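Secondary and tertiary structure notes
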Amino acid sequence: QVQLVESGGGLVQTGGSLRLSCAASGRTFSMYAMGWFRQAPGKEREFVAAISGSGGSTYYADSVKGRFTISRDNAKNTVYLQMNSLKPEDTAVYYCAADKNRYRTSSSYSTYDYWGQGTQVTVSS
């Protein structure tokens with residue numbers, strides 16, 4: 001069982017930056033690939049970025065490529081999402097998720113086994 005707690009959300013102006021963190025419980029954090037998803041009001045949850053257990057492989061949604069960076073610190077059991085050049089359409093609740101297959105960087109919601117409660121990101125125009 002893995003418990004995930006996101007932090008770092010908030011209100012930012014267009015063009016600004018935020019860094020989200022997701023802290024995981026347990027001693028086997030590197031055994032999990034990690035992903036970030038987001039859900040805007042009235043919309044389905046969508047993939048943002050994923051990273052393999054070692055951190056050696058990453059994958060991004062086209063909508064955030066070049067603006068967002070996913071990274072992880074396995075010694076701190078934490079995955080990060082650095083978000084730059086934020087746009088109003090990035091406004092959503094952001095969730096981190098853990099995938100038991102540490103080699104995979106999946107964009108599919110259904111492949112993830114554990115989810116955090118989410119953190120709100122609001123980008124004002």
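In this text, all values refer to a predicted model and were calculated from it rather than measured experimentally. (Residues numbered from 1 in each chain as written. Predicted model: local features only at pLDDT ≥ 70, side-chain atom pairs only at ≥ 80, totals over all residues. Heavy atoms only, no water.)

**So, the side chain of E6**
Spelled out, the test is: Here a helix means four or more residues in a row that DSSP labels H or I, a strand means two or more in a row labelled E, and each is numbered from the N terminus. Exposed residues in this analysis have more than 50% of their type's maximum accessible area, buried residues have under 20%, and partly exposed residues fall in between, with area computed by a 1.4 Å probe over protein chains only. Residues counted as positive are Lys and Arg, residues counted as negative are Asp and Glu, and His and the chain ends are not counted. Salt bridges are defined as contacts in which a side-chain nitrogen from Lys or Arg sits within 4 Å of a carboxyl oxygen from Asp or Glu. N or O atoms within 3.5 Å of each other form a polar contact, as long as, within protein, one can give a hydrogen and the other can take it, and as long as residues adjacent in sequence are counted only when both atoms are side-chain atoms. By definition in these notes, contact holds between two residues if any of their heavy atoms fall within 4.5 Å.
Structurally, E6 is set in strand β1 (residues 4-7). No salt bridge is formed by the buried E6; the nearest opposite charge belongs to R45, separated by 7.4 Å. A distance of 3.1 Å separates the side chain of E6 from the backbone nitrogen of Q117, its partner in a polar contact. A polar contact of 2.8 Å, which involves the side chain of E6, links it to the backbone nitrogen of G118. Contact partners of E6, with chain neighbours within four places excluded, come to S21, C22, W36, Y94, Y95, C96, G116, Q117, G118 and T119.

**Brief notes about the packing of aromatic side chains**
Rule in force here: By convention, a stacked pair of Phe, Tyr or Trp rings (six-membered ring in the case of Trp) has centres within 6.5 Å and planes under 30 degrees apart, an edge-to-face pair has planes over 60 apart, and any other such pair is tilted. Ring-over charges, as used throughout, are those where CZ of Arg or NZ of Lys falls within 6 Å of the ring centre and within 35 degrees of the ring normal.
The full count for this structure, using the stated rule, is eight aromatic pairs. With a centroid separation of 5.6 Å and an interplanar angle of 70°, the aromatic rings of F37 and F47 are classed as edge-to-face. Residue F37 is located in strand β4 (residues 33-39), and its partner F47 is located in strand β5 (residues 46-51); the two are separated by 10 residues in the primary sequence. F47 carries the same exposure label as F37, and that label is buried. For the pair F37 and Y112, a centre-to-centre distance of 5.2 Å together with 80° between the ring planes defines the contact as edge-to-face. Taken together, the residues F37 in strand β4 and Y112 in the loop between β9 (92-99) and β10 (114-115) connect sequence positions 75 residues apart. Assigned by exposure class, F37 and Y112 land together as buried. Pairwise contacts between aromatic rings join F37, F47, Y59, Y109, Y112 and W115 into one cluster. Positioned over the ring face of Y95 is R45, at 3.8 Å from the centre of the ring.

**Examining the state of the cysteines**
The test is simple: When two cysteine sulfur atoms lie within 2.5 Å, the pair is treated as a disulfide.
Enumeration over the complete set of coordinates arrives at one disulfide. Here C22 pairs with C96 through a disulfide, and the sulfurs are 1.9 Å apart. In this structure the cystine formed by C22 and C96 twists about its S-S bond by roughly 50°; its chirality is therefore right-handed. Placement of the pair is C22 in strand β3 (residues 18-24) and C96 in strand β9, with a sequence separation of 74 residues. The exposure class of C96 is buried, given its relative accessible area of 0%.

The analysis is restricted to geometry; functional conclusions fall outside its scope.
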